[in-house]
Amino acid sequence: MTAATVGRDTRRPGFRHEVRLYAGDAEFVGATLDFVRDGVRAGEPVLVAVGAAKIERLRSVLGAEAAGVQFVDMAQMGRNPNTIIPVWRDFVDTYGSGGQAVRGLGEPVWSQLSPPALAEFQHHEALLNLAFGDNPDFFLLCPYDTLALPPAVIDQALSRHPFVDGRPDRIGAQYALEGCLNAAFTEALPLAPRQGPRSLAFTLRDLQAVRAFVRDEAEALGLPPNRTDDLVLAVDEAAANSIRHARGEGTLRVWAEDGHVVCEVADDGRIRDPLVGRRRPEPAPATSRGIWLINHLCDLVQLRSTGSGTVLRLHVALPGPD
Amino acid sequence: MRTGARRESPGGCDLHDHVAWVFDDDAEWRAAATTFVAEGIARGERVYYGASGAVAARRDDLAELPDRDALIASNALQIFDAGVIARASYPQRETLIRSAIDQALADGCPGVRFAVDSTNVAPGGNWDVQAGWERRSDRMCQSLALTALCGVNRSVVGDDDVARVACVHPATGGSGEPGTFSLFAVDGGLALSGEIDAAVAGDLASALAHDEPSPGESVLDLSRLDFIDGRGMASIAARADRVAAAGGLLLITGASPMAHRIWELCGFEHRQGVHMAEGLRT
């Protein structure tokens, strides 16, 4: 029996966020199959969110047992890392009620992640520990490919997962949640290009001008109309947040970067809830939904908030060079 | 035209039009009211002109109207004290307006036209209450042989209150650009037009709160809406909740694909008492 086999017998009920290291694509199925199959055989609901090719490989080796597994293409679900937590939450709330143990296997499509997206994915990994602080009986396994990923990323993963490689109930030596949560809100963003960004200062009366500005800039940069609509709404929500939660004003900057239109909204307010925008909003009309909407409208969202202000950087992908 | 569009002139108003006319000084209002009244007279409509203040001053507002005194003598034009009307209850006011329309139609007129300077008539200076009245009168304009021009002096009332009352008219004209959206009556319900964002979220919430929900099906037509944010959608969801509580159904029509998307992202798609029709917007 390998370290990869951690059945229900050997772990306490509760949230278990574990990293599993594997060396190269060929090892993926070997590193994850037992985890999935043990869940199925124990009658646990299992959700596998990985890339499409890996889904097919797992399906074929699981055979008939694949019927007991839900598969989701992580290329869609994890396109914006800020939208992953609510998918797991929905899964846990739907299938894990009444103390039912549930399992998840989650791995982004590494080749899809740009450097800023990878950074946001690591913040997401830290925030997962907070998001399931209510300790549902949820075993979430995160495979990391040590051949595909640089050592720094592996180190980051080890510091963000309390459990490592199937060691039953010992917190990993590198686990450092507090620092990682802090980094999620305070880690410096890459510098905006010195040349190019166009900016607009705004207050409540300027929201129409903010939308017109984003629309003009996005169209000039070649963003298609439907994605321009998404970005216009997202920036409007970000600006409205600045007006509502900061001193009633903010600054918008727009530029193009690595095949994306980037809009940055900065203000002097401070957001203190690290999970802001990562919980499905309550149905009551008056609930705040701004950052939730922004996360679902954009391809990548970088939020940083410190004593000196809040920055929201919104990325929407430009069409590829077809 | 009941479209929520901006109006360049107080002329060219047809039956069912209901226009908020914003002005900065009284001369602007007198000119607009004179144009509006003269057009009604030319069309054979019975015309009522109302303002607050002394009767002589109210008559003087229409000093430039040709044959003013003869029109007054023949009852084609009636001048009234808007302050007195404003102190009447809503049902009393509606009864007065309905009987004026019935009489005009019985006399062979095509309809009734009201021009009112409402600058000083908001009860207790509360423009939210005044907007509630305007929502009711808009329903009358939409369903009866009625045309109305509602003057409001921006230098007296201020931009915020002008926006609060202008947004419940299907058309706005005159000085400045009050608000960015309109909520107005259409067959079977209400329509929204323009742009709804954080700057007008409060005005929308109050405007939607004025109508008592009824147990039947009522329409909210979004086909003229150019932009709406999450808070605007939340106001619509709150309206749907009130309609549902009254045993009714809110049928949202004309939603753009983007409006659909926001509604779903906000988590409103499975709400009781509301149905968003699949977009047929072209």
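Bear in mind that the values here come from a model prediction, so they are computed numbers and not experimental data. (Residues numbered from 1 in each chain as written. Chains lettered and ligands numbered in written order. Predicted model: local features only at pLDDT ≥ 70, side-chain atom pairs only at ≥ 80, totals over all residues. Heavy atoms only, no water.)

Turning our attention to the overall build of chain A. When its secondary structure is counted, chain A shows 10 helices and 11 strands. A compact globule built from 322 residues would reach a C-alpha radius of gyration of about 20 Å, and chain A, at 21 Å, matches this within 12%. Principal-axis analysis of the C-alpha atoms places the extent of chain A at approximately 65 × 45 × 35 Å. When each of the 322 residues of chain A is scored for burial, the buried share is 55%. Considering only contacts in chain A between residues 6 or more positions apart, those separated by 24 or more positions represent 71%. When the accessible area of chain A is evaluated, it comes to approximately 13,700 Å², of which 52% is carbon and sulfur surface. Distance between charge centres in chain A, computed from 33 positive and 41 negative side chains, equals 3 Å. (Helix = DSSP H or I, 4+ residues; strand = E, 2+ residues; numbered from the N terminus. Rg over C-alpha atoms; globule rule 2.2 N^0.38 Å. Buried < 20%, exposed > 50% of the residue type's maximum accessible area, 1.4 Å probe, protein only. Contact = heavy atoms within 4.5 Å. Areas by Shrake-Rupley, 256 points an atom, 1.4 Å probe, with all protein chains shown as cover. Lys, Arg positive; Asp, Glu negative; His and termini not counted. Charge placed at Lys NZ, Arg CZ, Asp CG, Glu CD.)

So, on to the interface of chain A and chain B. Contacts between the two partners involve 23 residues from chain A and, on the opposite side, 22 residues from chain B. Of the roughly 1,800 Å² buried where chain A meets chain B, counting both sides, 55% is carbon and sulfur surface. Taken as a group, Arg 211, Leu 233 and Pro 285 of chain A account for 26% of the area that chain A buries against chain B, more than any other trio of residues on that side. Put simply, Asp 230 of chain A and Arg 261 of chain B hold a salt bridge, and the shortest N to O gap is 2.5 Å. Counting across the chain A and chain B interface gives 10 residue pairs in polar contact (both at pLDDT 80 or more). Broken down by secondary-structure element, the contributors of at least two residues to the side of chain A that touches chain B are α8 (207-221), α9 (225-245) and α10 (290-297) of chain A. Among the elements that make up the side of chain A that touches chain B, the one with the highest residue count is α9 of chain A (9 residues). When the residues that make up the side of chain A that touches chain B are grouped by side-chain class, the tally is 12 nonpolar, 3 polar and 8 charged. (Buried area = accessible area lost by both parts, 1.4 Å probe. Salt bridge = Lys/Arg side-chain N within 4 Å of Asp/Glu carboxyl O. Polar contact = N/O pair within 3.5 Å; in protein donor to acceptor, adjacent residues only side chain to side chain. Nonpolar A, V, L, I, M, F, W, Y, C, P; charged D, E, K, R; others polar.)

Residue and element names in this part refer to chain A. Applying the stated criterion across every chain, the model contains 17 aromatic pairs over all chains. Here the aromatic rings of Phe 132 and Phe 138 are separated by 5.1 Å at their centres, their planes lie at 65 degrees, and the arrangement is edge-to-face. Taking relative accessible area as the criterion, Phe 132 reaches 2% and is therefore assigned buried. Judged by relative accessible area, which is 0%, Phe 138 ranks as buried. Aromatic rings pair up to connect Phe 15, Trp 88, Phe 91, Tyr 95, Phe 132 and Phe 138 into one cluster. The ring of Phe 35 has Arg 103 sitting right over it, with the charged end atom 4.8 Å from the ring centre. (Phe/Tyr/Trp six-rings, centres within 6.5 Å; stacked < 30°, edge-to-face > 60°. Lys NZ or Arg CZ within 6 Å of the ring centre and 35° of its normal.)

Before going further, it helps to spend a moment on the domain arrangement of chain B. Residue and element names in this part refer to chain B. Per the domain assignment, the segments of chain B are domain 1 (6-178) and domain 2 (184-276). For domain 1 versus domain 2, the distance between C-alpha centres works out to 28 Å. Between domain 1 and domain 2, the contact holds 13 residues from the first and 11 residues from the second. Considering only the side of domain 1, the residues that lose the most area to domain 2 are Arg 135, Arg 139 and Gln 142, jointly responsible for 47% of the buried surface there. The interface formed by domain 1 and domain 2 includes 2 salt bridges. (Domains from an automatic or database assignment.)

What follows concerns the environment of Phe 71 of chain A. All names here are of chain A. Checked against the element boundaries, Phe 71 lands in strand β3 (residues 69-73). On the accessibility criterion, Phe 71 (17% relative accessible area) is buried. Taking the C-alpha atoms as reference, Phe 71 lies 20 Å from Ser 111; in sequence the two are 40 residues apart. Ignoring any residue separated from it by four or fewer positions in sequence, one finds Phe 71 in contact with Val 48, Ile 55, Leu 58, Arg 59, Leu 62 and Ala 66.

Before going further, it helps to examine the pairing of strand β7 (residues 171-174) of chain B. Residue and element names in this part refer to chain B. Taken together, the 2 bridges between strand β1 (residues 6-7) and β7 define a ladder with parallel strand orientation. Paired with Arg 7 across the strands is Gly 173, a residue of β7. Here 4 bridges tie strand β2 (residues 18-23) to β7, and the two strands are oriented parallel to one another. Pairing of Trp 21 across the sheet is with Gly 173, part of β7. (Pairing = 2+ DSSP bridges.)

Quick look at the confidence of the model for chain A now. Residue and element names in this part refer to chain A. On average, residues of chain A score 92 in pLDDT, and 96% of them are at 70 or above. The secondary-structure element of chain A with the lowest mean pLDDT is helix α7 (residues 177-186), recorded at 88, while strand β2 (residues 46-50) shows the highest, at 98. Long-range and interchain partners of residues 1-9, a stretch whose pLDDT sits below 50, account for 22 contacts in this model, where long-range means more than four residues apart. (pLDDT = per-residue confidence, 0-100.)

This paragraph deals with the domain arrangement of chain A. Residue and element names in this part refer to chain A. The domain boundaries assigned to chain A delineate domain 1 (16-186) and domain 2 (198-317). Averaged C-alpha coordinates put domain 1 and domain 2 at centres separated by 29 Å. Taken together, the 19 residues of domain 1 in the interface contact 22 residues of domain 2. Taken together, both faces of the contact between domain 1 and domain 2 bury some 1,800 Å²; the carbon and sulfur share is 55%. Area buried by domain 1 at its contact with domain 2 is led by Asn 82, Glu 120 and Phe 185, which between them contribute 36% of it. Linking domain 1 with domain 2 are 3 salt bridges, by the criterion used here. Among the salt bridges present, the one from Arg 79 reaches Asp 299, with a minimum N-O distance of 3.1 Å. For the interface between domain 1 and domain 2, the tally reads 10 residue pairs in polar contact (both at pLDDT 80 or more).

Keep in mind that most residues, glycine aside, have a negative phi and that most peptide bonds are trans. Although it is not a glycine, Asp 258 of chain A sits at a positive phi angle of roughly 50 degrees. Along the chain, Asp 258 of chain A turns up in the loop between β8 (249-257) and β9 (260-267). The exposure class of Asp 258 of chain A is exposed, given its relative accessible area of 67%. Of note in the backbone geometry, His 16 of chain B takes a positive phi value of approximately 85 degrees without being a glycine. In this fold, His 16 of chain B is placed in the loop between β1 and β2.

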